[in-house]
Amino acid sequence: MRRLTVFLPLLLAALSAQLPVLAEAPLTLPPLAYQQRVLGNGLTVLSLEDHSSPTTAIQVWYRVGAKDDPQGRSGFAHLFEHLMFKRTKYLAAEQFDRLTEDVGGANNASTGDDCTNYLDVVPSNHLERLLWAEAERLQHLTVDEASFKSERAVVQEEFRSAVLTPPYGRLSYHLQQETWRVHPYHRPTIGSIEELDAATLADVQAFHSTYYRPDNAALIVVGDFDAAQLDAWIDRYFGGIARPTQPIPRVTAIEPEREADRRVTVRLPNVPLPALGLSWLAPKPDSADAPALKIAIALLAGGESSRLHQALVYRLQAAQGVDLSYEETADRGAVYATVLLASGQRIAKLEAALMAEIGKLASKPIPPAELDKAKTVLLTELLAKRETNEGRAYALGDAWIGTGSAKTANTELESLLAVTAADVQRVTKTQLIDGKRLSLEYLPETTAASGGKP
């Protein structure tokens, strides 16, 4: 062992002197080789053939989300996420579970600010059946009193369990409401118990006929299929669905720039320790600054080794946890931060420390290794999602909603790779340092009675 230790450096030096220098190959990422066409009724069809597994993902993305909820009827888009699994002209209630889960597949749905999507994955020999079923619930959904009342009760219970019951369930709820002063993004997706109670069956039926139509949707199919056969099935089941003549109403509200920082305090029961929420208005997903902002967020709060977590949780021991996210909503984005204070800490001190860390990112050199790590984490997350048919379908749908074109699914990764340290510092300064900040203090109800404030 001793002789090996003595001579190993010399041996490695000799070997390295004789080996050719390997040039670092540029990282290239295969594009999603999808096909796109638009049917005569306006339905956008995106398909990507891949026979690596005998499964197929079928997704339908509707361009209707919480921002489209009628005034005073918050939660309608979310309500339809549930109603779409009820009875249709030729399907029994909950039949989608039988068509997917009973053959080894799965289904799901979700509602966001800009869209509602329905996600299925099945063995590929069941593809035709799912295409028929998706076309069936698009054109023949039964919106009756029984379905409306039962699903309204489900949504309201979801609100109680997700927002009202957890100690910090209302933190993000209030933060979103206070962030947007004009744009309907201020309406939380989950809805409102009072406004859902005030809704009528006629309101709900009108919402369905307004937004659930072929020219407001994208059908995405990824996986094991024959392209010619797929096109024939889609033409057969979706091609005959009529396009309504009335125009689709679109949100035209524009959120004004903030002129000053703003501070809001809410006091609530069942809050063990204070919390702080912050928000900034941010670029849209197709902005040139969006990739650099994603890298900045990853550097600041991407895991336990990130700057904010290290500073606030470990070194200062002022916070239990910190979260920072960039919401890439289509009309305008927002950056949200939420921090749960550690016992005995004060909000002012914690907020100052958080902003100081953001300031360091904007003003001090970023080590290349740290920048590379943040990029690697983001790229790994994106690529891992594209390992499955449903992940690739989701990437296409998300791009179609966020930027208006599925093409951006193929430029997202390259845009992240091209971000420089200077880009990150510039965007951090313009968006988070110079940008006007909303601060929401989330306090226990008892602090009002005592007049105290952490």
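Bear in mind that the values here come from a model prediction, so they are computed numbers and not experimental data.

Q: Give a description of the packing of helix H2 (residues 76–83) against helix H8 (residues 201–211) that names residues and reports values.
A: Direction vectors running N to C along H2 and H8 enclose 85°, while the axes themselves pass 11 Å from each other. It follows from the interaxial angle that H2 and H8 lie roughly perpendicular. For the pair H2 and H8, the contacting residues are Phe76, Ala77, Leu79, Phe80 and Leu83 in the first and Asp203, Val204, Phe207 and His208 in the second. Split into classes, the residues belonging to the contact of H2 with H8 amount to seven nonpolar, one polar and one charged.

Q: How would you explain the pattern of salt bridges if you had to name every residue and give the values?
A: Summed over the entire model, instances satisfying the criterion amount to 31 salt bridges. Residue Asp215 pairs with Arg213 through a salt bridge whose shortest N-O separation is 2.8 Å. Residue Asp215 is classed as partly exposed on the basis of its relative accessible area of 21%. Put simply, Glu370 and Arg307 hold a salt bridge, and the shortest N to O gap is 2.9 Å. Here Glu370, found in helix H13 (residues 368–385), pairs with Arg307, found in helix H11 (residues 307–315); they are 63 residues apart in sequence, far enough to count as distant. The class of Glu370 is partly exposed, set by a relative accessible area of 23%. Among the ionic contacts, a cluster of salt bridges with common partners joins Arg263, Glu351, Arg437 and Glu441.

Q: Go over the nonpolar core with me, naming the residues and quoting the values.
A: Within the largest apolar cluster, 48 residues are counted, with the highest numbers of intra-cluster contacts made by Tyr62, Phe80, Leu131, Tyr212, Leu219 and Phe238. Excluding its chain neighbours within four sequence positions, the residues that come into contact with Leu219 are Leu43, Thr44, Val45, Leu46, Ile58, Gln59, Val60, Leu131, Ile234 and Phe238. Of all hydrophobic cores here, the second largest spans 47 residues; its members include Ala290, Leu299, Leu378 and Leu416.

Q: With reference to specific residues and values, describe the sheet that holds strand E11 (residues 438–444).
A: Strand order across the open sheet formed by five strands is E7-E11-E8-E10-E9, with mixed pairing between neighbours. Here the strands that pair on one side only, and so sit at the sheet edges, are strand E7 (262–268) and strand E9 (319–327). Mean inter-strand twist for the sheet, computed between neighbouring axes without regard to direction, equals 15°. Pairing analysis gives five bridges linking strand E8 (residues 275–282) to E11, with the strands arranged antiparallel. Among the inter-strand pairings, Leu276 is bridged to a residue of E11, identified as Glu441. Most of the contacts of helix H6 (residues 169–179) go to E11, to which it runs at about 150°, and overall it touches E7, E8, strand E10 (333–341) and E11.

Q: Can you explain the environment of Pro123? Please cite residues and give values.
A: Position of Pro123 among the secondary structure elements: in strand E5 (residues 116–123). Under the relative-accessibility criterion, Pro123 is labelled partly exposed at 22%. Pro123 sits 20 residues away from Val103 along the chain, and the two C-alpha atoms are 7.3 Å apart. For Pro123, the contacting residues outside a window of four places in its chain are Pro54, Thr55, Val103 and Gly105.

Q: Describe the side chain of Thr44, with residues and values.
A: Here Thr44 is to be found in strand E2 (residues 44–49). The residues touching Thr44, leaving out its near neighbours within four places in the chain, are Gln36, Arg37, Val38, Pro214, Ala217, Ala218, Leu219 and Trp400.

Q: Pulling in residues and values, what's your account of the confidence of the model for the protein chain?
A: Within the protein chain, residue pLDDT values average 91, and 92% of them lie at 70 or more. Predicted confidence for residues 1–23 stays below pLDDT 50, and this span has zero contacts to residues more than four positions away or in other chains.

Q: Requested: an account of the packing of aromatic side chains, with residues and values cited.
A: Aromatic rings in a pair are described by how distant their centres are and how their planes are angled relative to each other. Throughout the structure, instances matching the rule amount to 13 aromatic pairs. Between the aromatic rings of Tyr118 and Tyr212, the centroid separation amounts to 6.5 Å while the plane-to-plane angle is 65°, which identifies the pairing as edge-to-face. Note that Tyr118 is positioned in strand E5 and Tyr212 in the loop between H8 and strand E6 (217–223), a separation of 94 residues in sequence. The exposure class of Tyr118 is buried, given its relative accessible area of 0%. With 5.0 Å between their ring centres and 50° between their planes, Phe207 and Tyr211 make a pair best called tilted. Note that Phe207 and Tyr211 are positioned in helix H8 at a spacing of four residues, about one turn of the helix. Of note, Arg137 hangs over the ring of Phe85, and the distance from its end group to the ring centre comes to 4.8 Å.

Q: Tell me about the sheet that holds strand E3 (residues 55–62), and name the residues and values.
A: Reading across from one edge, E1-E2-E6-E3-E5-E4 is the order of the six strands in this open sheet, with mixed pairing throughout. A single partner strand is all that each edge strand has here, and the edge strands are strand E1 (35–38) and strand E4 (106–111). The mean inter-strand angle of the sheet, taken between neighbouring strand axes irrespective of direction, is 15°. With six bridges connecting them, E2 and E6 associate as parallel partners. By the bridge assignment for E6, Leu46 is matched with Ile220.

Q: So what about the pairing of E2? Which residues, and what values?
A: Of all six residues in E2, five are buried, a share of seventy percent or more. As paired strands, E1 and E2 are joined by four bridges and run antiparallel to one another. By the bridge assignment for E2, Val38 is matched with Thr44. Hairpin geometry of E1 and E2 is characterised by an intervening segment of five residues between the two adjacent antiparallel strands and by a positive phi of about 95° at Gly42.

Q: Please provide a residue-by-residue account of H2, values included.
A: Burial analysis of H2 places eight of its eight residues in the buried class, which makes it a mostly covered element. For H2, the full list of buried residues reads Phe76, Ala77, His78, Leu79, Phe80, Glu81, His82 and Leu83. In this fold, the buried residues of H2 make contact with E4, E5, helix H5 (145–164), helix H7 (193–198) and H8.

Q: I'd like a description of H5, backed by residues and values.
A: Helix length check: H5 (20 residues) gives 27 Å between terminal C-alpha atoms against 28 Å at 1.5 Å per residue, within 8%. Taken residue by residue, H5 has Ser147, Phe148, Glu151, Arg152, Val155, Gln156, Phe159 and Val163 as its buried positions. Buried positions in H5, seen along its axis, are confined to an arc of 155° and lie on one side of it. Summarising the contacts, the buried residues of H5 are in contact with H2, H6, H7 and H8.

What counts and how
- Residues numbered from 1 in each chain as written.
- Predicted model: local features only at pLDDT ≥ 70, side-chain atom pairs only at ≥ 80, totals over all residues.
- Heavy atoms only, no water.
- Axes fitted to C-alpha atoms, helices over the stretch in contact; angles between N-to-C directions.
- Helix = DSSP H or I, 4+ residues; strand = E, 2+ residues; numbered from the N terminus.
- Parallel < 35°, antiparallel > 145°, perpendicular 65-115°, else oblique.
- Contact = heavy atoms within 4.5 Å.
- Nonpolar A, V, L, I, M, F, W, Y, C, P; charged D, E, K, R; others polar.
- Salt bridge = Lys/Arg side-chain N within 4 Å of Asp/Glu carboxyl O.
- Buried < 20%, exposed > 50% of the residue type's maximum accessible area, 1.4 Å probe, protein only.
- Core = buried A, V, L, I, M, F, W, Y, C linked by side-chain atoms within 4.5 Å.
- Pairing = 2+ DSSP bridges.
- pLDDT = per-residue confidence, 0-100.
- Phe/Tyr/Trp six-rings, centres within 6.5 Å; stacked < 30°, edge-to-face > 60°.
- Lys NZ or Arg CZ within 6 Å of the ring centre and 35° of its normal.
- Expected span 1.5 Å × (residues − 1).
- Arc of directions from axis to C-beta.

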